[in-house]
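Summary of structural features
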Amino acid sequence: MLLVRKCSHLVLEPGDLKVLLAYPGPEKAGLSSLAVHRIYTLLNSIEGVSCDLIFSDYNQSFFLSLSPTEFDVIAFSVTYENHLFEVIKLLSSWGIEPLREKRKEAPLLLGGGIGLFYNPSPFLPIFDAIYLGEAEGRLEEVISAFRNRPNLETLSDFDNVLISGDYTFKYEGLKVSFFEGPKKRILRSPLFPEVPSHSCFISEGTAFKEMFLIELNRGCIEKCRFCVASYMGLPYREKEIEVVEEEIAIASNYVDRVGLIGAGVSDYSKMEELYRILKKYNVKASFSSLKASSTSPYIFEILKESGQKTVTLAPEAGSQELRFAINKKVEDEAYFRFAERAFEAGAENLKLYFLIGLPSETEEDVEAIVDMTKKFREIGLYYWRERGVKGGIHLSVNPVIAKPFTPLQWYGLNPKSVIERKIRRLSKLVRKVPGVKLTYEKVKDAVLQAIVSRGDERLGVAAVRSVKEGLNFRRALKEVGLPFEELYTRERERDELFPWEIVESGIKKDYLWREYQNVYKRKATPACFPGCSVCGLCLGSANLQKG
């Protein structure tokens, strides 16, 4: 592994606060996460703090080979809902009691990451404290304060750090009837545009194979009604081009290719300048994904010179009408034109992401996924024959997951049996189309993700029992009064109190409800329009300025 940035923790100084940054997944996945790189760099930039790493396939810390219990703080970077179970497994394997109320003489357990921003409730029984939001500017303050005064009261002073023991809930059946505890807000850092956020390790053993990652933007201008990354990333922000140039200059000392990362990376408004900087440093670039609504011709110039052979697009719905209803307002023809230009720029393969189980979805909508894929294949076939290459279409279809703080937070998802039937139908149709490969997430894993996504603290208790006692999770849920199937298929009520409302997202609930109603209007109006301020998170809003 190549260290781009040397870190002080490689030699521990007496009196240092020792922080273990834990990723609840294997090394390959953890080192592929730009968030891990970013937090590791920030923590090691704090005077008097030394940070090491650990992954699920390690029993000791990555660099210093220390036991997790030798650290003062274990900070988990949680990306996915299913990480709940991995966190519990790791703590148990390290000899640390997962249930907070039963834990004695252990490091402070701090949770953070996008997987906790929108619903920390299932993790409350486990973590001592949870950091909500982005890191830049604030994480340094939080950890420095804790180093000087190492107790939970110190952390409670921050408006984006919640102390798990401060919350009590009352329930009526499946619903939360009341909760007590301070609301904490999600921090959207105003510093992102002006500070570097890039790889600090370059390794062969990652998903990106010796690629230097650079975060180009945060949030997304489209605001699709199902997408938590879009809502949690509000407002849309771009990194200043001067900072990007500094990062590309650093990358050029180590590699000849950078990976451009962001929820809407091809929306970057300075694509021409970016292209010229890449040329200046003789560096190629790969896009994590592309959007057919992006129009800059320099996207295709970068693609052409990079030699990127696989381009990723996410139409989400094969039916244009359904796509518009979820607020992804991109016409079919825009996708086909974009694919043509990508093939002209040298791409040979397309990876396409679609969702099934969306509100108001019909059998015809499911079949439209295959119809759209056929059209993409027809476009590709022309270029494959012309160049004498064997290209292909990779079709990735997964169930939609209802996420907190999106319009779909009320949605009753399709039962597992219905999703499986739709996948069987798709598989049968795709088998008739040469050169198309269909993959999909295991439906049981998607169901688990859906349950955790909108769960409350009782779910965390059940997860601990399930892991520690080897109990079937469905049975563990039943023992705490939660019926498995209803947890993800139940349609929520308009004014229902949600367990994630201990978080202040800055997004108005009435606004989200109106957007949810629009999902069922197959020719729904856009979520945003010029001058709209209903969600309160537009660029330059008071919420952002407060930092």
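Here, the structure is the one placed above.
Residues numbered from 1 in each chain as written. Predicted model: local features only at pLDDT ≥ 70, side-chain atom pairs only at ≥ 80, totals over all residues. Heavy atoms only, no water.

**Describing the overall build of the protein**
The secondary structure content of the protein amounts to 20 helices and 21 strands. Seen through its C-alpha atoms, the protein measures out along the principal axes to roughly 65 × 55 × 50 Å. Looking at charge distribution, the protein has the averaged site of its 75 positive side-chain charges lying 5 Å from that of its 74 negative ones. (Helix = DSSP H or I, 4+ residues; strand = E, 2+ residues; numbered from the N terminus. Lys, Arg positive; Asp, Glu negative; His and termini not counted. Charge placed at Lys NZ, Arg CZ, Asp CG, Glu CD.)

**Quick word on the side chain of Glu136**
Turning to its location among the elements, Glu136 is positioned in the loop between β6 (129-131) and α5 (139-148). You can call Glu136 buried: its relative accessible area is 4%. There is a polar contact of 3.1 Å between the side chain of Glu136 and the side chain of Arg38. Within polar-contact distance, the side chain of Glu136 engages the side chain of Arg218 at 2.7 Å. Contacts of Glu136, omitting those with residues within four sequence positions, involve Arg38, Leu42, Ser189, Leu191, Val195 and Arg218. (Buried < 20%, exposed > 50% of the residue type's maximum accessible area, 1.4 Å probe, protein only. Polar contact = N/O pair within 3.5 Å; in protein donor to acceptor, adjacent residues only side chain to side chain. Contact = heavy atoms within 4.5 Å.)

**Focus: the sheet that holds strand β2 (residues 17-23)**
What links the strands of a sheet is backbone hydrogen bonding, and the strands pair in either a parallel or an antiparallel sense. With mixed pairing, 6 strands are arranged side by side in an open sheet as β3-β2-β4-β5-β6-β7. Edge positions in the sheet fall to β3 (49-55) and β7 (161-163), since each of these pairs with one other strand and no more. Each strand axis lies, on average, 25 degrees off the axis of its neighbour in the sheet, ignoring direction. With 5 bridges joining them, strand β4 (residues 73-77) and strand β5 (residues 108-112) adopt parallel strand pairing. When the bridges of β5 are listed, Val73 appears paired with Leu108. Contacts from helix α3 (residues 83-93) reach β2, β3, β4 and β5, with the element oriented near 155 degrees to β4. In the packing of α5 onto the sheet, the strands contacted are β2, β3, β4, β5, β6 and β7, and the crossing angle to β2 comes to about 135 degrees. (Pairing = 2+ DSSP bridges. Axes fitted to C-alpha atoms, helices over the stretch in contact; angles between N-to-C directions.)

**Some thoughts on the sheet that holds strand β15 (residues 257-261)**
Here 3 strands make up an open sheet; going across it, the order is β12-β15-β16 and the pairing parallel. Every other strand in the sheet has two partners, leaving β12 (212-215) and β16 (284-287) as the edge strands with one partner each. Neighbour-to-neighbour, the strand axes of the sheet open up by a mean angle of 30 degrees, direction not taken into account. Of the strand pairs in this sheet, β15 and β16 are connected by 4 bridges, and their pairing is parallel. Across the sheet, the residue bridging to Leu260 is Phe287, located in β16. Together, β12 and β15 form the strand contacts of helix α8 (residues 241-251), whose direction differs from that of β12 by roughly 175 degrees.

**A few points about the nonpolar core**
Grouped together as the largest cluster of nonpolar side chains are 145 residues, with contacts concentrated most on Phe76, Phe127, Leu274 and Phe376. Ranked by the residues each element gives to this core, the list is headed by helix α13 (residues 363-387), at 9 residues. Discounting residues that sit within four places of it in the chain, Phe127 has contacts with Phe76, Val78, Val87, Arg100, Arg103, Leu109, Leu110, Gly111, Leu116 and Ser164. Within the second largest apolar cluster, 34 residues are counted, among which are Leu21, Tyr40, Ala135 and Phe146. (Core = buried A, V, L, I, M, F, W, Y, C linked by side-chain atoms within 4.5 Å.)

**What to know about the packing of helix α9 (residues 271-280) against helix α10 (residues 298-306)**
Two numbers describe a pair of packed helices, the interaxial angle and the distance between the axes. Running from N to C, α9 and α10 point in directions that differ by 25 degrees, and their axes come no closer than 9 Å. By the angle between their axes, α9 is roughly parallel relative to α10. In this structure, α9 crosses over α10, and the sense of that crossing is left-handed. Where α9 abuts α10, its residues Met271, Glu272, Leu274, Tyr275, Arg276, Leu278 and Lys279 lie against Tyr298, Ile299, Glu301, Ile302 and Glu305. Of the residues belonging to the contact of α9 with α10, the class tally is 7 nonpolar, no polar and 5 charged. (Parallel < 35°, antiparallel > 145°, perpendicular 65-115°, else oblique. Left-handed = near helix turned anticlockwise from the far one by under 90°. Nonpolar A, V, L, I, M, F, W, Y, C, P; charged D, E, K, R; others polar.)

**Observations regarding α10**
Of the positions making up α10, those classed as buried are Ile299, Phe300, Ile302, Leu303 and Ser306. The buried residues of α10 occupy one face: seen down the axis, they fall within an arc of 155 degrees. If you follow the buried residues of α10, they end up packed against β15, α9, β16, β17 (310-316) and α12 (332-344). Of the residues trailing α10, Gly307 is marked for its positive phi of about 75 degrees. (Arc of directions from axis to C-beta.)

**A few points about the pattern of salt bridges**
Tallying each qualifying case throughout the model produces 36 salt bridges. Glu222 is paired through a salt bridge with Lys291; the nearest N and O atoms lie 3.9 Å apart. Placement of the pair is Glu222 in the loop between β13 (217-218) and α7 (228-232) and Lys291 in the loop between β16 and α10, with a sequence separation of 69 residues. Each member of the pair Glu222 and Lys291 is classed as buried. (Salt bridge = Lys/Arg side-chain N within 4 Å of Asp/Glu carboxyl O.)

**A word on α12**
End to end, α12 covers 19 Å across 13 residues, agreeing with the expected 18 Å (1.5 Å per residue, within 8%). On its buried face, α12 is in contact with α10, β17, α11 (320-325), β18 (349-356) and α13. Directly after α12, the chain includes Gly346, whose backbone phi takes a positive value near 110 degrees. (Expected span 1.5 Å × (residues − 1).)

**Digging into the environment of Asp57**
Following the sequence through the fold, Asp57 ends up in the loop between β3 and β4. Of the residues examined, Asp57 reaches a relative accessible area of 47% and is grouped as partly exposed. It is 40 Å that separates the C-alpha atoms of Asp57 and Glu361, two residues lying 304 residues apart in sequence. Discounting chain neighbours no more than four positions away, the residues touching Asp57 are Gly25, Pro26 and Glu27. Only 3.0 Å separates the side chain of Asp57 from the backbone nitrogen of Glu27, close enough to count as a polar contact.

**Describing unusual backbone geometry**
With an omega dihedral of -5 degrees, the bond running from Leu234 to Pro235 counts as a cis peptide bond. Phi angles above zero are rare outside glycine, and Ser360 is one such case at about 70 degrees. If you trace the backbone, Ser360 turns up in the loop between β18 and α13. Within the chain, Phe405 stands out as a residue other than glycine whose phi angle is a positive 60 degrees.

**Side note on the packing of aromatic side chains**
In the structure shown here, the tally under the stated rule is 26 aromatic pairs. With a centroid separation of 5.8 Å and 5 degrees between ring planes, the pair formed by Phe123 and Phe127 is classed as stacked. Exposure remark for Phe123: the relative accessible area of 1% places this residue in the buried category. Seen in terms of ring centroids, Phe336 and Phe376 are 5.2 Å apart; in terms of plane orientation they differ by 75 degrees. Their pairing is edge-to-face. With Phe336 in helix α12 and Phe376 in helix α13, this pair connects stretches of sequence that are 40 residues apart. Considered together, Phe336 and Phe376 belong to a single accessibility category, that of buried residues. What links up through ring pairs into an aromatic cluster is the set Tyr40, Phe55, Tyr58, Phe62, Phe63 and Phe201. Note that Arg458 overlies the ring of Tyr171, its terminal NZ or CZ placed 3.7 Å from the centroid. Here the guanidinium or amino end of Arg474 rests over the ring plane of Phe484, the centre of that ring lying 4.1 Å away. (Phe/Tyr/Trp six-rings, centres within 6.5 Å; stacked < 30°, edge-to-face > 60°. Lys NZ or Arg CZ within 6 Å of the ring centre and 35° of its normal.)

Honestly, it's all geometry; don't read function into it.
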